[in-house]
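# Structure assessment
Chain by chain, the residues run as shown.
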Amino acid sequence: MTEVTAVAVITLLAVISPGADFAMVVRNSYLYGRTTGLLGAAGVAAGVLVHVTYTMLGVGLLIASSTALFTAIKLLGAAYLVYIGLRTFFARSDLDVDLESDRKQALSPLGALRTGFLTNVLNPKTTLFVVSTFTQVVGPETALWQQAGYGLFMSVAHFGWFGLVALFFSDSRLRNAMLRRQKALNRGIGSVLVGLGVTLGLAR
């Protein structure tokens, strides 16, 4: 599996796996409308770039200082992919999205951006996803511009997916149709993540 393919597959699976960012965009789109949901999605995408920046710096230092330590972290990253894959596959409860609250005063554009940004900056799932992905695919031969391209793709993929979520959930009629398929989606995502973790962990 090439670097580019690995980044693309892991990113897309991580993006569509329901979490705090998904719940936030769903709730804001449903309660406050399409524009607020799209601004929240933009904030989520911006938050990803924070994780990408410190991860690129950290991975670069690891490669320069200790190949053995980098390899150990690479194996931990593969183990993490297997772990979240199993957790996703065996998840029993559906994502709890609180949509029963009374509608409050609409969020300002800045407030919607800030909510999305902070949700992903403080989201452990996003932290571990970015760190794990970079430790799997970045090596001494990976150019800085290519690493930056990976990070930009991660951010754009987040905006694309959560933008679609905002478009769907700003129409309440489509909400149940999407949530009903959550269990099957989790099982598919979990299976692929486990396979990727094993494959990347055994790769030399």
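Everything that follows concerns the structure shown earlier in this document.
Residues numbered from 1 in each chain as written. Predicted model: local features only at pLDDT ≥ 70, side-chain atom pairs only at ≥ 80, totals over all residues. Heavy atoms only, no water.

Before going further, it helps to spend a moment on the overall build of the protein chain. A count of helices and strands for the protein chain gives nine helices and zero strands. Helices and strands appear in the protein chain in the N-to-C order α-α-α-α-α-α-α-α-α. Residue pairs in contact within the protein chain that sit at least 24 positions apart in sequence constitute 88% of those at least 6 positions apart. Counting every atom, the protein chain has about 10500 Å² of accessible surface; 67% of that belongs to carbon and sulfur. (Helix = DSSP H or I, 4+ residues; strand = E, 2+ residues; numbered from the N terminus. Contact = heavy atoms within 4.5 Å. Areas by Shrake-Rupley, 256 points an atom, 1.4 Å probe, with all protein chains shown as cover.)

As a packed pair, helix α2 (residues 20-32) and helix α5 (residues 109-121) sit with axes 9 Å apart at the nearest point and diverge in direction by 165°. Taken together, the axis directions place α2 and α5 in an arrangement best described as roughly antiparallel. Judged by the twist between their axes, the crossing of α2 over α5 is right-handed. Contact residues: α2 offers Ala-20, Asp-21, Met-24 and Asn-28, while α5 offers Thr-115, Gly-116, Thr-119 and Asn-120. The class makeup of the residues in the contact of α2 with α5 is two nonpolar, five polar and one charged. (Axes fitted to C-alpha atoms, helices over the stretch in contact; angles between N-to-C directions. Parallel < 35°, antiparallel > 145°, perpendicular 65-115°, else oblique. Left-handed = near helix turned anticlockwise from the far one by under 90°. Nonpolar A, V, L, I, M, F, W, Y, C, P; charged D, E, K, R; others polar.)

This part covers the packing of aromatic side chains. A complete count under the given rule lists two aromatic pairs for this structure. Ring geometry for Phe-22 against Phe-169: centres 6.1 Å apart, planes inclined by 85°, an arrangement best described as edge-to-face. Here the residue Phe-22 occupies a position in helix α2, and Phe-169 occupies one in helix α7 (residues 144-169), the gap between them amounting to 147 residues. Taking the relative accessible area as the measure of exposure, Phe-169 reaches 0% and is therefore buried. (Phe/Tyr/Trp six-rings, centres within 6.5 Å; stacked < 30°, edge-to-face > 60°. Buried < 20%, exposed > 50% of the residue type's maximum accessible area, 1.4 Å probe, protein only.)

This next bit is on the environment of Val-82. Within the secondary structure, Val-82 is located in helix α4 (residues 67-89). For Val-82, a relative accessible area of 22% puts it in the partly exposed group. In the structure, Val-82 is positioned 108 residues away from Gly-190 in sequence and 8.3 Å away in space, judged by C-alpha atoms. The residues contacting Val-82, other than those within four sequence positions of it, are Leu-193, Val-194, Gly-197 and Val-198.

Next up on the list: the nonpolar core. Ranked by size, the top nonpolar core spans 14 residues in total, and within it Val-52, Phe-129, Val-130, Phe-134, Val-137 and Met-154 carry the most contacts. The residues contacting Met-154, other than those within four sequence positions of it, are Val-7, Thr-11, Val-48, Val-52, Phe-129, Val-130, Thr-133 and Phe-134. (Core = buried A, V, L, I, M, F, W, Y, C linked by side-chain atoms within 4.5 Å.)

Geometric values such as these leave the question of function open.
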